[in-house]
Amino acid sequence: WDKLRVITDKEFGKYLAEKSEEQSKLVGIKVKRLREKKGINSKELAERAGIAPQTISRIEQGHTDVSFVTLRKILAAMGYSLKDLANQELELEMEATQKTFSTMMKRLSYAGVDSNLLTRKIIPLKLQLALNSHKSKEPELLLDEASSYVSTIYGWTKNEIWNSPNLMIKPEPAEMAFFKKPSNANENQVKAYSHYAYYLAKIVLRAFPIKNKTEHPESIDQFKEQYFNQHSKLDLATLLAFVWDLGVCVLPLNDSGVFHGASWNIEGRHVVVLKQSTQSHARWIFDLLHELYHVFVHLDEENTSVVEVEEMNPFTNN
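Scoring rules and cut-offs
Residues numbered from 1 in each chain as written. Predicted model: local features only at pLDDT ≥ 70, side-chain atom pairs only at ≥ 80, totals over all residues. Heavy atoms only, no water. Helix = DSSP H or I, 4+ residues; strand = E, 2+ residues; numbered from the N terminus. Buried < 20%, exposed > 50% of the residue type's maximum accessible area, 1.4 Å probe, protein only. Contact = heavy atoms within 4.5 Å. Areas by Shrake-Rupley, 256 points an atom, 1.4 Å probe, with all protein chains shown as cover. Core = buried A, V, L, I, M, F, W, Y, C linked by side-chain atoms within 4.5 Å. Axes fitted to C-alpha atoms, helices over the stretch in contact; angles between N-to-C directions. Parallel < 35°, antiparallel > 145°, perpendicular 65-115°, else oblique. Left-handed = near helix turned anticlockwise from the far one by under 90°. Nonpolar A, V, L, I, M, F, W, Y, C, P; charged D, E, K, R; others polar. Patch = residues over 30% accessible without salt bridge, like charges linked within 9 Å, V, L, I, M, F, W, Y side chains within 5 Å. Salt bridge = Lys/Arg side-chain N within 4 Å of Asp/Glu carboxyl O. Polar contact = N/O pair within 3.5 Å; in protein donor to acceptor, adjacent residues only side chain to side chain. pLDDT = per-residue confidence, 0-100. Pairing = 2+ DSSP bridges.

### Digging into the overall build of the protein chain
Line of reasoning, step 1. On a plain count of helices and strands, the protein chain comes out with 15 helices and 5 strands.
Line of reasoning, step 2. Classification of the 318 residues of the protein chain by burial places 40% in the buried group.
Line of reasoning, step 3. A fraction of 63% describes how many contacts in the protein chain between residues 6 or more apart in sequence connect residues 24 or more apart.
Line of reasoning, step 4. When the accessible surface of the protein chain is summed, it comes to about 18,700 Å², and 50% of that surface belongs to carbon and sulfur atoms.

Okay, here's the thing in structure tokens:
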């Protein structure tokens, strides 16, 4: 089809020629950058690949089309593959992209960080408004400040946030020990939200130093016995007070989706994170008791966790 169109459409032929020239230049730039990363000069590369030095020079300057066979020879001589060449193209694209708040949001979204989480929870509204007031040219100082909030939670450096070709969220703290993921869950989103919840959990622990450490019950039955020895009824306020007195911190979150509860043992101390949008005290009680089961049974070992992705249902036999 292209051949037919080139014959009948001169403008299309001209367009293909321009694109071919652009592609040759791009390949040349990528090859040169990969060579410089390895600290190899063009003469040494030519010898390694069995190609004339003039050919290497012309390829890097974009003056000639490079065949697939020759390209693979050159890459192999430097210890690279076609995948490395593709990654280099991503790096060039990132460098060519203007540094903006929108660009950062897109990059983080590709990594699995939800934009609503960023704009509503992580990056302060005042900072976002300040960036919006400079639509023509967002100040780099404000952009770096925005990236610093992301860096605090996810551990990426500012340079990685702006320039890394492929931001990857570390599996911890979502996978310290137990991680239940249904087939329809987005694993990157679960990891991203887990980092946010874990960051908040550590703040809660710092704000609530334990004076007298209490031994936790070893089972739910033992917990039930201790509770009703002190209280005659089970309601949310009384249950929360009892749990905090045990030294277990409880953090309620009102966000939707991703996961429904999490429990962490952080350096020997336990935090339960509950995430619901309901006003029902019964549901909060049910989920809290369920997470306490994990605290008593699964989280003896330090720096372990359970993340509940599927919603817990009090009306099924599970």
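There is more to say after this.
### Looking at the nonpolar core
Line of reasoning, step 1. Counting 43 residues, the largest nonpolar core has Ile123, Tyr154, Trp156 and Val273 as its most contacted members.
Line of reasoning, step 2. Examining the composition of this core, we find that 10 residues originate from one element, helix H12 (residues 187–207), more than from any other.
Line of reasoning, step 3. Discounting chain neighbours no more than four positions away, the residues touching valine 273 are Ala197, Leu251, Leu253, Phe259, Gly261, Ala262 and Trp264.
Line of reasoning, step 4. In terms of nonpolar packing, the next biggest core, distinct from the first, is built from 19 residues, Tyr227, Val243, Leu292 and Leu299 among them.

### Let's talk about the packing of helix H14 (residues 236–245) against helix H15 (residues 281–297)
Line of reasoning, step 1. It is at 10 Å that the axes of H14 and H15 come closest, and there the two elements cross at 25 degrees. What the angle tells us is that H14 and H15 run roughly parallel. Handedness of the crossing formed by H14 with H15: left-handed. Contacts from Leu236, Leu239, Leu240 and Val243 of H14 reach H15 at His281, Trp284, Ile285, Leu288, Leu289 and Leu292.
Line of reasoning, step 2. Considered class by class, the residues forming the contact of H14 with H15 number 9 nonpolar, 1 polar and no charged.

### Considering a nonpolar patch on the surface
Line of reasoning, step 1. Judged by side-chain polarity, Ile220, Tyr293 and Val297 come together as a nonpolar surface patch covering roughly 220 Å² of accessible area.
Line of reasoning, step 2. Mapped onto the fold, valine 297 is located in helix H15.

### Digging into the side chain of arginine 35
Line of reasoning, step 1. Structurally, arginine 35 can be placed in helix H2 (residues 10–38).
Line of reasoning, step 2. Note on arginine 35: relative accessible area 10%, which makes it buried.
Line of reasoning, step 3. Ignoring sequence-local partners within four residues, the contact set of arginine 35 consists of Ile40, Asn41, Ser42, Leu45, Glu60 and Met78.

### Things to note about the environment of tyrosine 154
Line of reasoning, step 1. Looking at the secondary structure, you find tyrosine 154 in helix H10 (residues 140–154).
Line of reasoning, step 2. On the accessibility criterion, tyrosine 154 (4% relative accessible area) is buried.
Line of reasoning, step 3. Along the primary structure tyrosine 154 and tyrosine 196 are separated by 42 residues, whereas in three dimensions their C-alpha atoms are 7.8 Å apart.
Line of reasoning, step 4. Every residue in contact with tyrosine 154, bar those within four places of it in the chain, is listed here: Val113, Leu117, Ile122, Ala192, His195 and Tyr196.
Line of reasoning, step 5. Only 2.9 Å separates the side chain of tyrosine 154 from the backbone oxygen of alanine 192, close enough to count as a polar contact.

### Examining the confidence of the model for the protein chain
Close inspection of predicted coordinates is inappropriate in any region flagged by low pLDDT.
Line of reasoning, step 1. The pLDDT averaged across the protein chain works out to 81; a share of 82% of its residues lies at or above 70.
Line of reasoning, step 2. H14 holds the highest mean pLDDT among the elements of the protein chain, 94, whereas strand S1 (residues 178–180) holds the lowest, 42.
Line of reasoning, step 3. Confidence over residues 176–183 falls short of pLDDT 50; this stretch has 25 contacts with residues more than four positions distant or in other chains.

### Concerning the pattern of salt bridges
Line of reasoning, step 1. Under the criterion given, the structure shown has 6 salt bridges.
Line of reasoning, step 2. Of the charged contacts, one joins lysine 99 and aspartate 144 as a salt bridge, the two residues approaching to 3.0 Å between their closest N and O atoms. One end of the pair, lysine 99, is in the loop between helix H6 (82–96) and helix H7 (101–111); the other, aspartate 144, is in helix H10, and 45 residues separate them in sequence.
Line of reasoning, step 3. Notably, a salt bridge pairs aspartate 287 with arginine 283, separated by 3.9 Å at the nearest N-O pair. With aspartate 287 and arginine 283 both in helix H15 and 4 residues apart, this pair spans about one turn of that helix.
Line of reasoning, step 4. Looking at aspartate 287, the relative accessible area reads 2%, which means it is buried.
Line of reasoning, step 5. Several salt bridges converge on common partners, so that one network encompasses Lys99, Glu140 and Asp144.

### Considering the pairing of strand S2 (residues 249–253)
Line of reasoning, step 1. Among the 5 residues in S2, 4 count as buried, and that is most of the element.
Line of reasoning, step 2. The sheet contact formed by S2 and strand S4 (residues 269–275) spans 5 bridges and is parallel. Opposite cysteine 249, over in S4, you have valine 271 as the bridge partner.

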